[in-house]
Amino acid sequence: MTELLGPHAVQTSQAQLKEASVDRFKKYTAVHGIFDGPIPAAIVYPGSTAEVAAVLRFAEENLVNVVPRTGGTATEGGLETVVEDSVVVDGSRMNAVTSIDPVDMMATAQCGVRLAELEDMLRPRGLTTGHSPQSKPLAQMGGLVATRSIGQFSTLYGGIEDMVVGLEAVFPGGKVTRIKNVPRRAAGPDIRHVVIGSEGALCFITEVTVKLFRYQPEHNRYFGFLVDRFADGIAALRELITAGYRPSVCRVYSPEDARQHFAGFYRGKNVVVLVAEGPKRIADATAEAIEELFAGRRHERVDSGLIQHWFENLNWGQDRIDAEKADMLTNARLGYTTEVSVDWSRTSDLFDAVMSRIRSEFPRAADLTMLGAHSSHSYQTGTNLYFVYDYTINCSPREEIEVYHKPLNAIIVTEALRAGGSMVHHHGIGKYRTPWVRQEHGSAFYLLSTLKHAFDAKGVMNAGTIFPLEPS
Ligand SMILES: Cc1cc2nc3c(=O)[nH]c(=O)nc-3n(C[C@H](O)[C@H](O)[C@H](O)COP(=O)(O)OP(=O)(O)OC[C@H]3O[C@@H](n4cnc5c(N)ncnc54)[C@H](O)[C@@H]3O)c2cc1C
């Protein structure tokens, strides 16, 4: 690697290699300095597409497993190096915004551009990508596309798959591929979707072009309502969305989840949060529809200033990650999430089934200090449920994942599949939801596995991600 990229682009310090062997799925073991899995041989920092191509060519020729990385905020094991002598290919030095085009309304950025940095360049020009995941301060363009990420304003702007116009990626063996920027085309299947959501298991994304929208927060209108039952909140969201309105934010929090966000005013109830956004006349019309919808329902109104304040402090930067680490060490507790999606008609049943199974079947239920959920991304046909759970750890740090995280995750995933939904809404499959990938896709798994065999015949891209690791 040093011969290919030069010494300045290769990192082999033991401390950094250990950190690079895991992601946030193993945040509790990592904070205790436990790194049991294979440690990568090196982290390399290519500075150009040509250098990425050189690394991928070398990797294929020498059967070296490559784990692509950008912002490092992955939560499902996508960054874990599960085979010996892997090389982590970190795109964060490829961090140029190469164009901002206010006429054709697109921006092009290399994979290592942090989304927050791109937004900071766009907003003074009255533009935005419309993408706002909670990890916006840290996540970078390559990872955001590779995971099929979604942001807080998704009901209006969509997920990343609705934003990507074109991109450049390097495939195994060093094959550079550019998917050109066009408004739409009918020239065969949409090949952007081979790359979007591929989680580093098919290719390395080097550059991304995304759509731009007008940034006009002065028209935003914030709403909060307290409702008695979670199902009442879901019904309100469904009515609004299926009537054709597109509030940028459209959420309902169960009381347990609401307590950690809205302790000052939730009063033991479910909290519905909505934001009307866009050109003034559209924002006003959406706001009017929200007012009308709730006028006909049993609810209490929340001061809109409180909702706006909450939104403005929702994102996670490095300071919150560090605070979480300190808290894990001091208090032996942590919180995780599992996000799934399901049709409207089954949403409340799925919520009830997960709550009841965890409370009755999970052997360590007494250690749960919080178990709740919210719906935060809605569609014409259904919504997502984002289950959240906090627990006190009454076992050794090394056992935490097997004793707590995996069994809780498994109940949520299996219930989502049983309800006919998807086992993963936006964090990706990573390495820890692979046991259910065949069940998720059914007879269509053939399409997915054919992509892997066709593009990565030698199996050198992020082994164990999306596709279960084959026994050697
Ligand atoms: C506090 C917090 C809040 C979060 N909030 C959200 C949220 O609101 N919405 C959401 O969707 N997600 C969220 N996430 C999850 C995570 O931020 C997203 O998955 C994000 O898209 C990952 O981007 P990244 O640059 O950090 O990628 P990384 O963590 O570096 O990598 C993620 C995956 O993508 C692959 N990958 C990375 N770069 C490339 C590349 N250049 N080419 C090919 N594959 C690549 C990796 O191999 C890995 O499998 C959150 C995570 C945290 C920690």
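Parameters at a glance
Once a new chain begins, its residue numbering starts again from 1 and follows that chain's sequence as written. The model is predicted, so local features are restricted to residues of pLDDT at least 70 and side-chain atom pairs to those at 80 or more, both for listing and for counting; the totals for chains, interfaces and linings are taken over all residues. Only heavy atoms go into the side-chain values, all of them from the structure, while hydrogens and water stay out. A run of H or I in DSSP counts as a helix once it spans at least four residues, and a run of E counts as a strand once it spans at least two, with each numbered from the N terminus. Given a helix with a known number of residues, its expected span is that number minus one, times 1.5 Å. Between buried and exposed lies partly exposed: a residue is buried under 20% and exposed over 50% of the maximum accessible area for its type, with that area taken using a 1.4 Å probe on protein chains only. As used here, the arc is the angular range of directions from the helix axis to the C-beta atoms. Every residue pair with non-hydrogen atoms within 4.5 Å of one another is taken to be in contact. Strands qualify as paired when DSSP identifies two bridges or more between them. The rule for a residue being near a molecule or strand is that one of its heavy atoms must lie within 4 Å of it. Two N or O atoms count as a polar contact when they lie within 3.5 Å, although within protein this holds only if one can serve as hydrogen donor and the other as acceptor, and sequence-adjacent residues are included solely when both atoms are side-chain atoms. Computed with a 1.4 Å probe, the accessible areas rest on the Shrake-Rupley method; for each residue, only the protein chains presented here act as cover. Each residue gets one label: Ala, Val, Leu, Ile, Met, Phe, Trp, Tyr, Cys and Pro are nonpolar, Asp, Glu, Lys and Arg are charged, and the others, such as Gly, are polar. Helix axes are fitted only over the stretch in contact, all axes being lines through C-alpha atoms; the angle between N-to-C directions runs from 0 to 180 degrees. Our angle categories are set so that under 35 degrees counts as roughly parallel, over 145 as roughly antiparallel, 65 to 115 as roughly perpendicular, and the remainder as oblique. Crossing handedness is defined as follows: a turn of the near helix away from the far one that is anticlockwise and smaller than a right angle gives a left-handed crossing, while the clockwise case is right-handed.

1. What to know about helix H12 (residues 280–295)
Step number 1: For H12, with 16 residues, the first-to-last C-alpha span of 22 Å sits near the 22 Å given by 1.5 Å per residue.
Step number 2: Looking at H12, one finds that the buried residues are Ala283, Thr286, Ala287, Ala289, Ile290, Leu293 and Phe294. What you see down the axis of H12 is that its buried residues fit within an arc of 160°, all on one side. Across H12 from its buried face, at more than 90 degrees, point the exposed residues Arg281, Glu288, Glu292 and Ala295.
Step number 3: Close packing links the buried residues of H12 with strand E12 (221–227), helix H10 (230–242) and strand E14 (270–276).

2. Observations concerning the sheet that holds strand E2 (residues 42–44)
Step number 1: On the basis of which strands lie adjacent, the open sheet formed by 4 strands has the order E1-E2-E4-E3 and mixed pairing. Because the sheet does not close on itself, it has two edges, and the strands there are strand E1 (10–11) and strand E3 (66–69).
Step number 2: Pairing analysis gives 2 bridges linking E1 to E2, with the strands arranged antiparallel. Looking at E2, one finds that Val10 is bridged to Val44.

3. Topic: the site of the ligand
Step number 1: Around the ligand, a shell composed of 33 residues is seen, among which Pro68, Thr70, Thr73, Ser135 and Ile150 lie nearest.
Step number 2: Separating an oxygen atom of the ligand from a backbone N or O atom of Gly71 is a distance of 2.8 Å.
Step number 3: Here the ligand has 970 Å² of accessible area as a free molecule, and 96% of this is covered by the chains.
Step number 4: Of all the secondary-structure elements, those providing two or more residues to the shell around the ligand are E3, helix H6 (141–146) and strand E10 (204–211).
Step number 5: Sort the elements by how many residues they give to the shell around the ligand and H6 lands first, with 4 residues.
Step number 6: Of the residues assigned to the shell around the ligand, the class counts are 13 nonpolar, 17 polar and 3 charged.

4. Structural notes on the side chain of Ser132
Step number 1: Note that Ser132 resides in the loop between strand E7 (127–128) and H6.
Step number 2: When residues no more than four places from it in sequence are discounted, the contact partners of Ser132 are Gly151, Gln152, Phe153 and Asn315.

5. What about the packing of H10 against H12?
Step number 1: Where H10 meets H12, the closest approach of the two axes is 11 Å, and the angle between their N-to-C directions is 140°. Accordingly, the angle class assigned to the pair H10 and H12 is oblique. By crossing handedness, the relation of H10 to H12 is classed as right-handed. Of H12, the residues touching H10 (which contributes Ala236, Glu239 and Leu240) are Ala289, Ile290, Leu293 and Phe294.

By themselves these figures say nothing about function.
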